[in-house]
Amino acid sequence: MTTTVEIPTRPEAAGAARALLPYEPQSASVARRLVRTTLRAWGLADLVEAGELVVSELAGNAAKTGCRRKMTVGVERITDRCVRISLRDGSRALPCLIDAGLAAVSRRGMALVHHLTGGHWGVTLEPFGKTVHADLRTRSPAPA
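Structure report, in brief. Remember, predicted model here, so these are calculated numbers, not experimental data.

### Section: the pairing of strand β1 (residues 16-21)
Working step 1: Where burial is concerned, the two faces of β1 differ: the one with A17, A19 and L21 is buried and the one with A16, R18 and L20 is not.
Working step 2: In this structure, β1 lies alongside strand β2 (residues 71-79), joined through 6 bridges in antiparallel fashion. Counted as the bridge partner of A19 is V73 from β2.

### So, helix α2 (residues 48-64)
Working step 1: For α2, with 17 residues, the first-to-last C-alpha span of 24 Å sits near the 24 Å given by 1.5 Å per residue.
Working step 2: Taken together, the buried positions of α2 are V48, A50, G51, E52, V54, V55, E57, L58, A59 and A62.
Working step 3: Taken together, the buried residues of α2 touch α1 (26-41), β2, β3 (82-89), α3 (109-117) and β5 (129-137).

### Brief notes about the sheet that holds β2
In sheet architecture, strand pairing relies on hydrogen bonds along the backbone and comes in two forms, parallel and antiparallel.
Working step 1: Spatially, the 5 strands line up as an open sheet ordered β1-β2-β3-β5-β4, and their pairing is antiparallel. At either end of the open sheet lies a strand with only one pairing partner, and these are β1 and β4 (121-126). Each strand of the sheet is rotated relative to its neighbour by a mean of 15 degrees, with strand direction disregarded.
Working step 2: Bridge count for β4 against β5 is 6 bridges, and the pairing is antiparallel.

### A closer look at the pairing of β2
Working step 1: In terms of strand pairing, β2 meets β3 through 7 bridges, oriented antiparallel. Paired with E76 across the two strands is R84, which belongs to β3.
Working step 2: Here β2 hands over to β3 after 2 residues, the two strands then running antiparallel side by side.

### Regarding the pattern of salt bridges
Working step 1: Scanning the entire structure with this criterion turns up 4 salt bridges.
Working step 2: Measuring nitrogen to oxygen at the nearest pair gives 2.9 Å for the salt bridge that ties K130 to D89. Of this pair, K130 sits in strand β5 while D89 sits in strand β3; the two residues are 41 residues apart in sequence, bridging distant segments of the chain.
Working step 3: Residue class for D89 comes out buried when judged on its relative accessible area of 2%.

### Notes on the environment of L34
Working step 1: Within the secondary structure, L34 sits in helix α1.
Working step 2: On the basis of relative accessible area, L34 is assigned to the buried category, the value being 1%.
Working step 3: A sequence separation of 15 residues divides L34 from A19, and the C-alpha atoms of the two residues are 7.7 Å apart.

### Remarks on the packing of α2 against α3
Working step 1: Between α2 and α3, the shortest axis-to-axis distance is 10 Å and the interhelical angle comes to 145 degrees. Here α2 runs over α3; the crossing is left-handed. Together, A50, L53, V54, E57, L58 and N61 of α2 and G109, M110, L112, V113 and L116 of α3 make up the contact between the two elements.
Working step 2: Of the residues belonging to the contact of α2 with α3, the class tally is 8 nonpolar, 2 polar and 1 charged.

Reading the values: the criteria
- Residues numbered from 1 in each chain as written.
- Predicted model: local features only at pLDDT ≥ 70, side-chain atom pairs only at ≥ 80, totals over all residues.
- Heavy atoms only, no water.
- Buried < 20%, exposed > 50% of the residue type's maximum accessible area, 1.4 Å probe, protein only.
- Helix = DSSP H or I, 4+ residues; strand = E, 2+ residues; numbered from the N terminus.
- Pairing = 2+ DSSP bridges.
- Expected span 1.5 Å × (residues − 1).
- Contact = heavy atoms within 4.5 Å.
- Axes fitted to C-alpha atoms, helices over the stretch in contact; angles between N-to-C directions.
- Salt bridge = Lys/Arg side-chain N within 4 Å of Asp/Glu carboxyl O.
- Left-handed = near helix turned anticlockwise from the far one by under 90°.
- Nonpolar A, V, L, I, M, F, W, Y, C, P; charged D, E, K, R; others polar.

See the structure below:
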């Protein structure tokens, strides 16, 4: 069974966009599209590449938990220069930051999230799952 998820061409509200996604391979692609569409609509195109990498890692980790509930991907504008990408899943298994080494071909995802966010990420445990969030900041505006 394939589930189709529509991503709005404009964010639901000025400061947030969300999508409820199934645990299917195409959900990572849909999550990336949500992030890309939302950040561009907010004029934050400089965060698109990092945002897509972050949400791909979070969705990939969620898919590995084996949970069969839906995951919720969110993009929230925290300030004019900061956005929070979050993913809620039905597992209480925590992501961990591993030093896999430069030659590793896997298990480096949360290290990438840590690098892209400057260490501004975290996890909130909930009664039936968790939410992992990662904050991205735009570059400082150029002096006039």
